[in-house]
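Now for the letters of each chain:
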Amino acid sequence: MEIKEYIELHQQRFLDELCGLLRIPSVSANPGHKKDMKAAAEFLKDRLMDAGVDHAEIMPTKGIPVLYAEKIINTSLPTVMVYGHYDVQPADPVELWNSDPFEPVIKENKIFGRGADDDKGQLYMHVKAFEYLVKTNQLSCNVKFIIEGEEEIGSPSLKEFCKQHKELLKSDIILISDTTMIAQDTPSITVGLRGISYLEVDVTGPNRDLHSGLYGGAVINPVNVLTKMIASLTDNNNSVLIPGFYDDIILVDEEERKQLSRAPFNSETFKKSIDVDEIGGEKGYTTLEHIGLRPSLDVNGIWGGYTGEGAKTIIPSSAHAKISMRLVPNQNSMNIDKIFTEYFKSLAPKGVKVNVRSLHGGEGYLAPLDSKAYHAASKALEKTFGKVPVPIRSGGSIPVVADFEQVLGVKSILMGFGLDSDAIHSPNENFPLYNFYKGIETIPWFYKYFTA
Ligand code: BES
Ligand code: MN
Ligand code: MN
């Protein structure tokens, strides 16, 4: 039986099952959801057993457990390892959702719910594609699944897990759907991911909030200081001023820049989609290059002093910010943490204390365009979309991809089916049913071409 026919026969069940997974609020950032993490892992374990793995196990880590499953048909055949994550971002701000984030609804041919795309929807496509291959006796290689519950908090346990289970995780390629495609009719293969360095900073002044009349003008205000320090991190061309920040970057040659500029992009549509009149970015690069090829520095949040209703006249005792930098391949997140900290501290005037700590970090990733896996993914996407996919470098991060390469020595192929409009991490996250089913349709072709 052809995959298209199989999907048609089972489409309602596939969707019902995905809804079951989306109902479990497996938010990794919130320790109160420990039970839900377990429930999501159990749910997927059961569905993988139904689909035909011969072994599935929820394995402990120093944090949230990993679900591992496998079907080994012949050890002399290649092994594809599917990676995905069952944890999701918090749903906040919940009041901006049009429906309950954990009670999926289908509207305008899209499924709405936290995790609908990132990554439950995309991960579940793999479970169903695998089911098809097993039930129709077409599996041509060994398959392993490694599904973690800590991706959205920086995968703090997975690297160690890989080190401890190198033999178990042996594979020829890691197949991942946790990225986007350019548009619904334009398939793409993600060949680059950015790394990340995420820090929290505190600037502390007087031992308590002070009356701003009795002390104002005389005492250094930590919020004033912090904002100036942040302003000094970049210049008027939006270049980062941390000494050495750009040193390790491998410049992308003109040929690859040209390749990547094949991706269709309309800046008017882009601006409209986020309701802004103008976009920013480092001078000398296009928007797609800002996102894919260049590192960036952003304040994610800033607080301090009085932020309640009305006016309160104080000099705050402290100020805080969460600052992240998206890095490009060959920049090292630990080194960036170090040079950021040195420079940031050097910006502070005498009279305040500065504290910087790392919340998490991860390295970027580059995939070759001439690999067997790239060709297999390209042929598979061409088969089901009728168009040769475009290679793209994404601005997002999946730090574990670099860890897989470093610890296991295995490359990943990023075959994503999400759209930018899916609102991942935002209110009203959704996944078009077209993409969900198209993903299920495409994946078996990857297996076929990869093992041919
Ligand atoms: N799936 C995303 C990453 C992504 C999305 C990559 C779209 C490319 C295209 C992943 O779940 C994610 O959100 N990653 C975090 C990583 C962080 C928590 C270390 C990110 O990019 O912010
Ligand atoms: Mn994800
Ligand atoms: Mn995410």
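Residues numbered from 1 in each chain as written. Chains lettered and ligands numbered in written order. Predicted model: local features only at pLDDT ≥ 70, side-chain atom pairs only at ≥ 80, totals over all residues. Heavy atoms only, no water.

Looking only at helices and strands, the protein chain features twelve helices and 18 strands. For 452 residues, the compact-globule formula gives about 22 Å, and the C-alpha radius of gyration of the protein chain, at 23 Å, lands near that figure. In the protein chain, buried positions account for 53% of the 452 residues. Of the contacts formed within the protein chain by residues at least 6 apart in sequence, a portion of 79% connects residues at least 24 apart. Placing the 47 positive and 60 negative side-chain charges of the protein chain at their respective mean positions leaves the two points 3 Å apart. (Helix = DSSP H or I, 4+ residues; strand = E, 2+ residues; numbered from the N terminus. Rg over C-alpha atoms; globule rule 2.2 N^0.38 Å. Buried < 20%, exposed > 50% of the residue type's maximum accessible area, 1.4 Å probe, protein only. Contact = heavy atoms within 4.5 Å. Lys, Arg positive; Asp, Glu negative; His and termini not counted. Charge placed at Lys NZ, Arg CZ, Asp CG, Glu CD.)

Further remarks concern helix H2 (residues 34-51). With 18 residues, H2 extends 26 Å between its outermost C-alpha atoms, agreeing within 8% with the 26 Å of an ideal straight helix rising 1.5 Å per residue. The secondary structure elements touched by the buried residues of H2 are helix H1 (3-22), strand E1 (55-59), strand E2 (66-71), helix H3 (120-135) and strand E6 (142-148). A positive phi of about 125° marks Gly-52, the residue just after H2. (Expected span 1.5 Å × (residues − 1).)

What follows is about the environment of Val-191. With respect to the element layout, Val-191 can be found in strand E8 (residues 188-193). C-alpha of Val-191 to C-alpha of Leu-366: the two residues are 175 residues apart in sequence and 5.7 Å apart in space.

In space, the four strands of this open sheet follow the order E11-E13-E9-E14, with antiparallel pairing throughout. Looking at strand neighbours, the two that pair on one side only are strand E11 (296-304) and strand E14 (353-362), the edges of this open sheet. Looking at each pair of strands side by side, their axes are set apart by 15° on average, direction ignored. Of the pairings in the sheet, the one linking strand E9 (residues 195-204) to E14 comprises nine bridges and is antiparallel in character. By the bridge assignment, Val-203 is partnered in E14 with Val-354. Against the sheet, helix H5 (residues 222-231) touches E9, E11, strand E13 (318-327) and E14, its axis set at about 15° to E13. (Pairing = 2+ DSSP bridges. Axes fitted to C-alpha atoms, helices over the stretch in contact; angles between N-to-C directions.)

Any link to function would need more than the numbers given here.
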